[in-house]
Amino acid sequence: GSLVAKLLCGVGRPSSLLFLGPMVRGLFAAAAAASALYALHLPTLVEAAELPELVEDDECAGSDDESCASALVQLRASARAEAMGNSSVEDEDAGHRTCMNFKLTGRVQMVHYRNWVLGKAHAYHVTGWVGNGGDKSYDGSHAPCATCGCVLGHVEGSADRVNQFLREVCRGGPPGSHVASCQTYHTACHGCPTFYKEYRFCRTWSVEACKSGC
């Protein structure tokens, strides 16, 4: 007969138990290895599904400074840590939604400020957008210098989360940045489904003139 039939027929015999012992231990070892491998890749799967992509193309374009890429790597890690730490928070009642605009001046361009704001928005589970503004742009996305323009944005969510988000945004951003002034004020809600980074440079210092919605 087959090996399986022989094993079943002799399962009650002491000699069979001695034979099955190594096989059973081997199966348990294989199952444990598979479980450990799944656990090893699980954080990567969660990150790919839930975390925003912090795009670096426009921030470090044309720069030979290795610190630019290094700063973005650190920014990514910080955003991931905050997002994972707050991933269990559920959205609050839409009836308590608060919507505000914000404008920052200072050293807020070409220092990854928009990417940093994007990470904070994801961590606090708010929606809206953030972009660069000012009088003129040299590349369609940034002002001619780090302090020549402003950062404009709109945020929506529960009052607590919006206030916490704006408190951090106005307090200061990533390494190399400096906030000289921060203006925030209530505005109409647009029902923004996500929070995103606006790549198009807004030739204005006004949030409303930059974008009238999401």
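This write-up is about the structure you can find in this document. This one's a predicted model, so the numbers in the text were calculated from it and none came from an experiment.

What counts, and at which threshold
Residues numbered from 1 in each chain as written. Predicted model: local features only at pLDDT ≥ 70, side-chain atom pairs only at ≥ 80, totals over all residues. Heavy atoms only, no water. Buried < 20%, exposed > 50% of the residue type's maximum accessible area, 1.4 Å probe, protein only. Helix = DSSP H or I, 4+ residues; strand = E, 2+ residues; numbered from the N terminus. Pairing = 2+ DSSP bridges. Disulfide = S-S within 2.5 Å.

### Quick word on the pairing of strand β2 (residues 127–134)
Within β2, 8 of the 8 residues are buried, which leaves it mostly tucked inside the rest of the structure. Of the two faces of β2, both are covered, the one formed by Thr127, Trp129, Gly131 and Gly133 as well as the one formed by Gly128, Val130, Asn132 and Gly134. As paired strands, β2 and strand β3 (residues 149–158) are joined by 8 bridges and run antiparallel to one another. Within the sheet, the bridge partner assigned to Gly133 lies in β3 and is Cys150. Relative to strand β5 (residues 195–197), β2 is paired through 3 bridges, and the arrangement is parallel. Residue pairing for β5: Gly128 is matched across the bridge by Phe195.

### Things to note about the pairing of strand β1 (residues 97–107)
For β1, the tally of buried residues reaches 9 of 11 residues, placing the bulk of the element in the interior. Two elements, β1 and β3, share 9 bridges in a ladder whose sense is antiparallel. From the neighbouring strand, Thr105 faces β3, where its bridge partner is Cys150. The sheet contact formed by β1 and strand β4 (residues 178–186) spans 8 bridges and is antiparallel.

### Topic: the state of the cysteines
Tallying each qualifying case throughout the model produces 5 disulfides. Put simply, Cys145 and Cys148 are joined by a disulfide, and their sulfur atoms are 1.7 Å apart. Sign of the S-S torsion, about 95° for the bond between Cys145 and Cys148, identifies this disulfide as right-handed. Judged by its relative accessible area of 24%, Cys145 is partly exposed. Across the disulfide, Cys192 is cross-linked to Cys214 (sulfur-sulfur distance 1.7 Å). The S-S bond linking Cys192 to Cys214 shows a torsion near -75°; that makes this disulfide left-handed. Of the two residues, Cys192 is situated in the loop between β4 and β5 and Cys214 in the segment after α6 (207–210); the sequence distance between them amounts to 22 residues.

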